[in-house]
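Chain by chain, the residues run as shown.
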Amino acid sequence: MFSLASVGTIAACLFLFGLFFFIVTNVENIMKSAEGGVGITVFFEDGISDAKKKEIGAKIEARKEVREVKYVSADEAWRRYKETSLKPELVETFGNDNPLAGSDSYTVFVKKIENQAEIVNYISFLDGVRKVNSSGSTVSGFTAINSLVGIISVTIIGLLLSVAIFLISTTIAMGISVRKEEIFIMRMVGATDFFISAPFIIEGVIMGVVGAALPLILLYFIYERAVDVLTERFNALVNVLVFIDIKEEFAVLVPLALAIGVGIGFVGSFFTVRRHIDV
């Protein structure tokens, strides 16, 4: 009965851990996808040569923080502006003229959003650069959310692990208490500490494995169904809600959950046995 209670407790803890793991990993994935669309726009000084523009682009690409550099010509910038910001009747008033002539630029994407301020500062002092536009408030928002998610994840995971270790330690201690007469007889006939404690440690490890395996099965079906429902109901946000594939999630979650389950079982049983084995 104590063993079943411990398995159920570990399963409940790892089930919550799995749910939180899905939330954290997918929030981070959605954030990274959103971060990928936040770029730095670099405008050139008037009359600058094409060779100088290429030189500036090469210097930017050489930075290890930079993921990608895209050249946007003035014609391309005008075409995008017409499609996104102007009504057709207003576009006709310009005829074949390009009001954005001379506004060709580079769009720079960094590997990590928190490095954007450093790159902006570097580009601003390059010879031939007139202006650098960046979304400072957006970057600050992404950085704050990433930090918050990290702090919450570490806190909750720590609490769940602590609770699980405490409960399995209590179960092993109760098991030793119930069997203290048998342990006393074993000591009387010369049993070693290892011979007496090994079954309790193995019991703790087995409880950890079983307690980890049960929620994994349930979590698999829940995740698969949840992604299908969210994708169907929020079809308009399909480009924003980028969920991690179930195989990728479980390729990390399965060994992690099993390791946590075994670790909880071993730690909880090992130290409990050492404290209570002398009966």
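Definitions and cut-offs
- Residues numbered from 1 in each chain as written.
- Predicted model: local features only at pLDDT ≥ 70, side-chain atom pairs only at ≥ 80, totals over all residues.
- Heavy atoms only, no water.
- Helix = DSSP H or I, 4+ residues; strand = E, 2+ residues; numbered from the N terminus.
- Buried < 20%, exposed > 50% of the residue type's maximum accessible area, 1.4 Å probe, protein only.
- Contact = heavy atoms within 4.5 Å.
- Axes fitted to C-alpha atoms, helices over the stretch in contact; angles between N-to-C directions.
- Parallel < 35°, antiparallel > 145°, perpendicular 65-115°, else oblique.
- Left-handed = near helix turned anticlockwise from the far one by under 90°.
- Nonpolar A, V, L, I, M, F, W, Y, C, P; charged D, E, K, R; others polar.
- Core = buried A, V, L, I, M, F, W, Y, C linked by side-chain atoms within 4.5 Å.
- Salt bridge = Lys/Arg side-chain N within 4 Å of Asp/Glu carboxyl O.
- Expected span 1.5 Å × (residues − 1).
- Arc of directions from axis to C-beta.
- 1 Å grid on protein atoms, 1.4 Å probe; cavity = no way out; pocket = protein on both sides within 12 Å on 5 of 7 lines; lining within 4 Å.
- Points joined across faces, edges and corners; volume = space filled by probe spheres on them.
- Pairing = 2+ DSSP bridges.

Draft legend 1. Here's a closer look at the overall build of the protein chain. Within the protein chain, the secondary structure is distributed over nine helices and four strands. Starting at the N terminus, the α and β elements of the protein chain follow one another as α-β-α-β-α-α-β-α-β-α-α-α-α. Residues classed as buried in the protein chain amount to 36% of the 279 residues present. In the protein chain, 85% of the contacts between residues at least 6 apart in sequence involve partners at least 24 apart.

Draft legend 2. Structural view of the packing of helix α7 (residues 180–188) against helix α8 (residues 193–233). Between α7 and α8, the least distance of the axes is 10 Å, while the angle of their chain directions is 150 degrees. The orientation of α7 relative to α8 falls into the category roughly antiparallel. The chirality of how α7 crosses α8 is right-handed. Listed contacts from α8 to Ile-183, Met-186 and Arg-187 of α7 are Asp-193, Phe-195, Ile-196 and Phe-200. Each residue belonging to the contact of α7 with α8 can be placed in one class, and the counts come to five nonpolar, no polar and two charged.

Draft legend 3. Summary view of the nonpolar core. Formed by 30 residues in total, the largest nonpolar core has its most connected members in Phe-22, Phe-250 and Leu-253. For this core, the secondary-structure elements that each account for two or more residues are α1 (2–36), α6 (136–178), α8 and α9 (246–276). When residues of this core are assigned to their parent elements, the largest contribution, eight residues, is made by α8. Apart from the residues lying within four places of it in its own chain, the contact partners of Phe-250 are Phe-22, Leu-216, Leu-219, Tyr-220 and Pro-255. Listed in part, the 17 residues of the second largest apolar core include Ile-56, Val-66, Val-108 and Val-129.

Draft legend 4. Geometry of the pattern of salt bridges. Applying the stated criterion across every chain, the model contains nine salt bridges. Lys-53 is the partner of Asp-50 in a salt bridge, and the nearest nitrogen-oxygen pair spans 4.0 Å. Here the residue Asp-50 and the residue Lys-53 both occupy positions in helix α2 (residues 50–61), the gap between them amounting to three residues, near one helical turn. Taking the relative accessible area as the measure of exposure, Asp-50 reaches 56% and is therefore exposed. Here Lys-53 falls in the buried class, since its relative accessible area comes to 10%. Two residues, Asp-127 and Lys-52, come together in a salt bridge whose shortest N-O distance is 3.2 Å. Taken together, the positions of Asp-127 in the loop between α5 (116–124) and β4 (129–133) and Lys-52 in helix α2 put the pair 75 residues apart, joining distant regions of the chain.

Draft legend 5. Summary view of α2. Helix length check: α2 (twelve residues) gives 16 Å between terminal C-alpha atoms against 16 Å at 1.5 Å per residue, within 8%. For α2, every residue scored as buried is listed here: Lys-52, Lys-53, Ile-56, Gly-57 and Ile-60. In an axial view of α2, the angular spread of the buried residues amounts to 140 degrees, which keeps them on one side of the axis. Residues of α2 that are exposed and point over 90 degrees away from its buried face: Ala-51, Lys-54 and Glu-61. In this structure, the buried side of α2 is in contact with β1 (40–44), β2 (66–72), β3 (105–110), α5 and β4.

Draft legend 6. Empty space enclosed by the protein, seen in detail. In the structure shown here, the tally under the stated rule is one cavity of 30 Å³ or more. Of the pockets and cavities examined, the largest cavity occupies roughly 40 Å³. Lining the largest cavity are Cys-13, Leu-14, Phe-17, Ile-157, Leu-160, Leu-161, Ala-164, Ile-260 and Ile-264. Mapped onto the lining of the largest cavity, the elements with two or more residues apiece are α1, α6 and α9. Class assignment of the residues belonging to the lining of the largest cavity gives a composition of nine nonpolar, no polar and no charged.

Draft legend 7. Spotlight on the sheet that holds β4. As summarised here, the arrangement of the four strands in space is β2-β3-β1-β4, forming an open sheet in which the pairing is antiparallel. With one partner strand each, in any of the chains shown, β2 and β4 form the two edges of the open sheet. Each neighbouring strand pair of the sheet contributes to a mean axis angle of 20 degrees, computed without reference to strand direction. Looking at chain direction, β2 and β3 are connected through six bridges and run antiparallel. Residue pairing for β3: Val-72 is matched across the bridge by Ser-105. Sheet contacts for α2: β1, β2, β3 and β4; angle to β3, the most-contacted strand, approximately 5 degrees.

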